[in-house]
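# Understanding the architecture of this molecule
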Amino acid sequence: MAQKIIIDTDPGQDDAVAILLALASPEIDLLGITAVAGNVPLDLTQRNARQVVELAGRDTPVFAGCDAPLARPLVTAEHVHGKTGLDGIALPEPTLPLQAQHGVDFIIETLRREAPDSVTLCPLGPLTNIATAFQRAPDIVERVRRIVLMGGGCFEGGNITPAAEFNIYVDPEAAKIVFGCGRPITVLPLDATHKALTSKDWIATMRGMGRIGEVVASWTDFFERFDVAKYGSEGAPLHDPCVIAWLLRPELFKGREINVEIETSSELTLGMTVADWWGVTDRPANALFIGDVDRDGFFDLLTERIGRL
Ligand code: BDR
Ligand code: CA
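Keep in mind the model is a prediction, meaning the values are calculated, not measured.

### A few points about the pattern of salt bridges
A full pass over the atoms with the stated rule returns 15 salt bridges. A salt bridge links Arg305 to Glu27; the shortest N-O distance between them is 2.8 Å. In this pair, Arg305 sits in helix H12 (residues 295–306) while Glu27 sits in the loop between helix H1 (13–23) and strand S2 (28–35), placing the two residues 278 residues apart along the sequence.

### Thoughts on unusual backbone geometry
Comment: phi is negative for the bulk of residues other than glycine, and the bulk of peptide bonds are trans. The amide bond that connects Pro11 to the next residue, Gly12, takes the cis arrangement and shows omega of 0°. Counting through the fold element by element, Gly12 comes out in the loop between strand S1 (3–9) and H1. The phi angle at Asp117 is positive, at roughly 70°, despite the residue not being glycine. Along the chain, Asp117 falls in the loop between helix H4 (103–113) and strand S4 (119–123).

### Focus: the pairing of strand S6 (residues 185–188)
Covered by surrounding structure in S6 are Ile185 and Val187 together with Thr186 and Leu188, the residues of both alternating faces. Bridge count between strand S5 (residues 144–150) and S6: four bridges; the pairing is parallel. When the bridges of S6 are listed, Leu149 appears paired with Val187. Of the pairings in the sheet, the one linking S6 to strand S10 (residues 287–293) comprises two bridges and is parallel in character. Among the inter-strand pairings, Val187 is bridged to a residue of S10, identified as Phe289.

### So, the coordination of the calcium ion (ligand 2)
Every protein donor of the calcium ion (ligand 2) is accounted for by Asp10 (OD), Asp15 (OD), Asp15 (OD), Leu124 (O) and Asp240 (OD), and the metal-donor separations fall at 2.3 to 2.6 Å. One chain supplies every donor for the calcium ion (ligand 2), spaced along it as D-x4-D-x108-L-x115-D. Placement of the pair is Asp10 in the loop between S1 and H1 and Asp240 in the loop between helix H10 (210–231) and helix H11 (241–248), with a sequence separation of 230 residues. Given a relative accessible area of 0%, Asp10 falls into the buried group. On the accessibility criterion, Asp240 (2% relative accessible area) is buried.

### Structural notes on the site of ligand 1
In the neighbourhood of ligand 1, the contacting residues comprise Asp14, Asp15, Asn39, His81, Leu124, Met150, Asn159, Glu165, Phe166, Asn167, His239 and Asp240. The side chain of Asn167 places a nitrogen or oxygen atom 3.0 Å from an oxygen atom of ligand 1. When ligand 1 is considered free in solution it has 280 Å² of accessible area, and contact with the protein chains removes 96% of it. Of all the secondary-structure elements, those providing two or more residues to the shell around ligand 1 are H1 and helix H6 (166–170). Of the residues that constitute the shell around ligand 1, the class distribution is three nonpolar, five polar and four charged.

Criteria and cut-off values
- Residues numbered from 1 in each chain as written.
- Chains lettered and ligands numbered in written order.
- Predicted model: local features only at pLDDT ≥ 70, side-chain atom pairs only at ≥ 80, totals over all residues.
- Heavy atoms only, no water.
- Salt bridge = Lys/Arg side-chain N within 4 Å of Asp/Glu carboxyl O.
- Helix = DSSP H or I, 4+ residues; strand = E, 2+ residues; numbered from the N terminus.
- Buried < 20%, exposed > 50% of the residue type's maximum accessible area, 1.4 Å probe, protein only.
- Pairing = 2+ DSSP bridges.
- Donors = N, O, S within 2.8 Å, 3.2 Å for Na, K, Ca; no water.
- Near = heavy atom within 4 Å.
- Polar contact = N/O pair within 3.5 Å; in protein donor to acceptor, adjacent residues only side chain to side chain.
- Areas by Shrake-Rupley, 256 points an atom, 1.4 Å probe, with all protein chains shown as cover.
- Nonpolar A, V, L, I, M, F, W, Y, C, P; charged D, E, K, R; others polar.

As structure tokens, this is what we get:
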């Protein structure tokens, strides 16, 4: 039976590829997409999510969630993703309507309606919607099958500050709630996602794969400029698609069950994922923290699935 998931997202070119990968995969039953403020403000992330669903020719419901972090002003990343969040190629204004229900209410209602332990949450942005749902409806927490999220870093440090990765940094209070929720968590941190780098050959392959491939190539081309300038590496890291790839092919990834705590007060290390990779504390493990990915296997999967759309 297909795995039921909710994608919680702030698209973002890499979020968009993750959504396409989920939509292309029969092993996944995407119940809905909840947008959150992150890479760009909420009015753009919900619109971008609808554009991506429409690009794939689907009608998956899209909900707008929270427009600001729990306790801080929103920090955005137009310097990475462009003014719209999905810069790289112009897409038509979406006709897919935005659902009237709030994204947080959709998460709560879905978890109460579906069988316990049957719905996996896949956050690809700041954790505001998920934490708000857990705070508002604590009864849903034990019904969550697993949370598979992109965020954090250990040996890679951070990308928005030396210590913090963007998704966790934007809403550290929300991340603290999620990491402390007691349900199984898989973390795809920078340590893994910085290895999922596009290559010129892969982008050329995408360009030859029809309309959707061409859009993916244009997004990743745009996204790549930032990382090449910053890290001197070739290629764009496809952070968020790693979440969906882990669901589909966990054997492509290697990690450890460790304790991860979130820093919420230090000025210097705000939003740091304090990951006890070496087990030097006696704090109990609360997450499967991924450290490595089979890059070729990951891109083969992506190519094959994008080709199905
Ligand atoms: C994460 O931040 C966003 O810019 C990307 O979409 C990804 O979710 C990487 O740090
Ligand atoms: Ca994202």
